[in-house]
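Examining the three-dimensional arrangement
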Amino acid sequence: MSSPEFALLFITVAAGALLQVSIGFGLGLLAAPVIAIFDPSLTPVAVLLLATGVTAAVLVLEGGHLDLRGAGWALAGRVPGVLGGAALVAVLPARYLALLVAVVVLTGVAVSLRGFVPAPRRRSVLLAGLMSGLMGTATAIGGPPMAMVWQRLSGPRLRATMSGFFLAGSVMSLATLAATGAVHTYSLWHTALLAPAAAIGVLLARPLSSRLDMRRTRAVAMVLAVASATVLVVQQFV
C-alpha cells in the first residue's frame, strides 16, 4: 500500500469513526469498501477490530442509555449469523468477498433510502441481529439491519444500544474468525496503524456532533459509500 493510499484510508477511517459515534453506525459502511479496494486481505478483520475500539468508546460516553433487553435479543439472533459469516470468509476467494462487500453496501443504502421502518418487535430484532451477524462477520458491515429496526430510538439511546450490540457482536465475530484462522498478524499490524485515525474520529465527534446536520451528514456518507462500492465492483472486472 502506497503512502497516498494509506493517507486516504486514514482519513476514511477517521470519518467513519466520527459517523459511528454520531449516529450509531457508519464505520463499516464507509471504511470497508475503501479498505477492500486497496487491500482486500484486511477485510473484515481490520474493520471489526477498529469498530470494537470505537463502540467501546461510545459505551463509555453514553452507556447509561443502553437498552439491555433489546441488545440481548439482537445478540441472540447474531449468533447463527456469525457462524454463517465465518463460513463465507472461509470458502469465498478474496475477489468474491470484495464483491460481497459492495453488494452489502449498495443494498444497505438502497433500503435506507426507501425509508423502510420495521416495528422493533422481538422477531424483527432477532432477524436483524441474524442478518447483522452474517454481514458483519463476512464483510464488517453489520450496521444497516440494526439501524433500520432501531431507528425510532432517541439519539443517545440509539447510539448506546447500537454500540453495545456491536461491541459484543464484533468480539463474537472476531473470536469465530480467529478460530477459523482468518485473523493474521498482517491485519493486526495494519489495524494498529489505523487505530489513531479511529481515535481522532472519536475525539472530533463530541465537539462536532452539535454542529453537524445529521441528515446531511448521513446523506454524504451514503454517497461516499456508494461511490466506493462502485469503484470496488469495477476493480474486480478490470
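Residues numbered from 1 in each chain as written. Predicted model: local features only at pLDDT ≥ 70, side-chain atom pairs only at ≥ 80, totals over all residues. Heavy atoms only, no water.

Another aspect to go through is the overall build of the chain. Looking only at helices and strands, one finds 10 helices and 0 strands in the chain. Element order for the chain, N to C, with α for helix and β for strand: α-α-α-α-α-α-α-α-α-α. Per-residue burial over the chain gives 49% buried out of 238 residues. Of the contacts formed within the chain by residues at least 6 apart in sequence, a portion of 83% connects residues at least 24 apart. For the chain, the accessible area works out to roughly 10,800 Å², and carbon and sulfur atoms hold 69% of it. (Helix = DSSP H or I, 4+ residues; strand = E, 2+ residues; numbered from the N terminus. Buried < 20%, exposed > 50% of the residue type's maximum accessible area, 1.4 Å probe, protein only. Contact = heavy atoms within 4.5 Å. Areas by Shrake-Rupley, 256 points an atom, 1.4 Å probe, with all protein chains shown as cover.)

This part takes up the UniProt feature "transmembrane region" (unreviewed entry) in the chain. Residues annotated in UniProt with the feature "transmembrane region" (unreviewed entry) correspond here to residues 6–30, 42–61, 73–92, 99–119, 125–150, 162–182 and 217–237. Between the first and last C-alpha atoms of residues 42–61 the distance is 29 Å; the span itself is 85% helix and 0% strand. The span residues 125–150 shows a helical share of 85% and a strand share of 0%, and its end C-alpha atoms are spaced 8 Å apart. (UniProt positions renumbered as here; feature names shortened; annotations may be inferred.)

The subject of this paragraph is helix α6 (residues 122–139). Across its 18 residues, α6 extends 25 Å between first and last C-alpha, which sits within 8% of the 26 Å expected from 1.5 Å per residue. Taken together, the buried positions of α6 are occupied by V125, A128, G129, S132, G133, M135, G136, T137, A138 and T139. Directly beyond the C-terminal end of α6, a positive phi value near 70° is found at A140. (Expected span 1.5 Å × (residues − 1).)

Looking now at the nonpolar core. Among the nonpolar cores identified, the biggest contains 62 residues, and V13, V105, M146, W150 and M162 are the most heavily contacted of them. Ignoring anything within four residues of it in the chain, the contact list for V13 reads L27, A31, L50, L194, A197 and A198. (Core = buried A, V, L, I, M, F, W, Y, C linked by side-chain atoms within 4.5 Å.)

Moving on, we come to the packing of helix α1 (residues 3–23) against helix α8 (residues 155–179). The geometry of α1 relative to α8 is characterised by a closest axis approach of 7 Å and an angle of 120° between their N-to-C directions. With respect to their mutual orientation, α1 and α8 come out oblique. Residue-level contacts link Q20, V21, S22 and I23 of α1 to L158, R159 and F166 of α8. When its residues are assigned to classes, the contact of α1 with α8 shows 4 nonpolar, 2 polar and 1 charged. (Axes fitted to C-alpha atoms, helices over the stretch in contact; angles between N-to-C directions. Parallel < 35°, antiparallel > 145°, perpendicular 65-115°, else oblique. Nonpolar A, V, L, I, M, F, W, Y, C, P; charged D, E, K, R; others polar.)

If you trace the backbone, L66 turns up in the loop between α3 (45–62) and α4 (68–91). Linking L66 and L158, residues 92 residues apart in sequence, is a C-alpha distance of 8.0 Å.

Here the focus is the side chain of T43. Structurally, the position occupied by T43 is in the loop between α2 (27–38) and α3. If we ignore the near neighbours within four places in the chain, the residues touching T43 are A32, I35 and A36.

Turning to empty space enclosed by the protein, a few remarks are in order. Counted by the stated rule, this structure contains 1 cavity of 30 Å³ or more. By volume, the largest cavity amounts to about 180 Å³. Along the wall of the largest cavity there are 18 residues; nearest its centre are G28, A140, G142, G143 and F166. Elements supplying a minimum of two residues to the lining of the largest cavity: α2, α3, α7 (143–149) and α8. Within the lining of the largest cavity, the residues separate by chemical class into 10 nonpolar, 7 polar and 1 charged. (1 Å grid on protein atoms, 1.4 Å probe; cavity = no way out; pocket = protein on both sides within 12 Å on 5 of 7 lines; lining within 4 Å. Points joined across faces, edges and corners; volume = space filled by probe spheres on them.)

With 89% of its residues at a pLDDT of at least 70, the chain reaches an overall mean of 82. Within the chain, helix α10 (residues 214–237) has the poorest average pLDDT of any element, 71, and helix α9 (residues 185–209) the best, 89. (pLDDT = per-residue confidence, 0-100.)

Before going further, it helps to examine the packing of α2 against α3. Viewed as axis vectors pointing N to C, α2 and α3 meet at an angle of 155°, and their least axial separation amounts to 10 Å. When the axes of α2 and α3 are compared, the pair comes out roughly antiparallel. Both α2 and α3 take part in a crossing whose hand is right-handed. Within the contact between the two elements, α2 uses L27, G28, A32 and I35 and α3 uses V47, L50, A51 and V54. (Left-handed = near helix turned anticlockwise from the far one by under 90°.)

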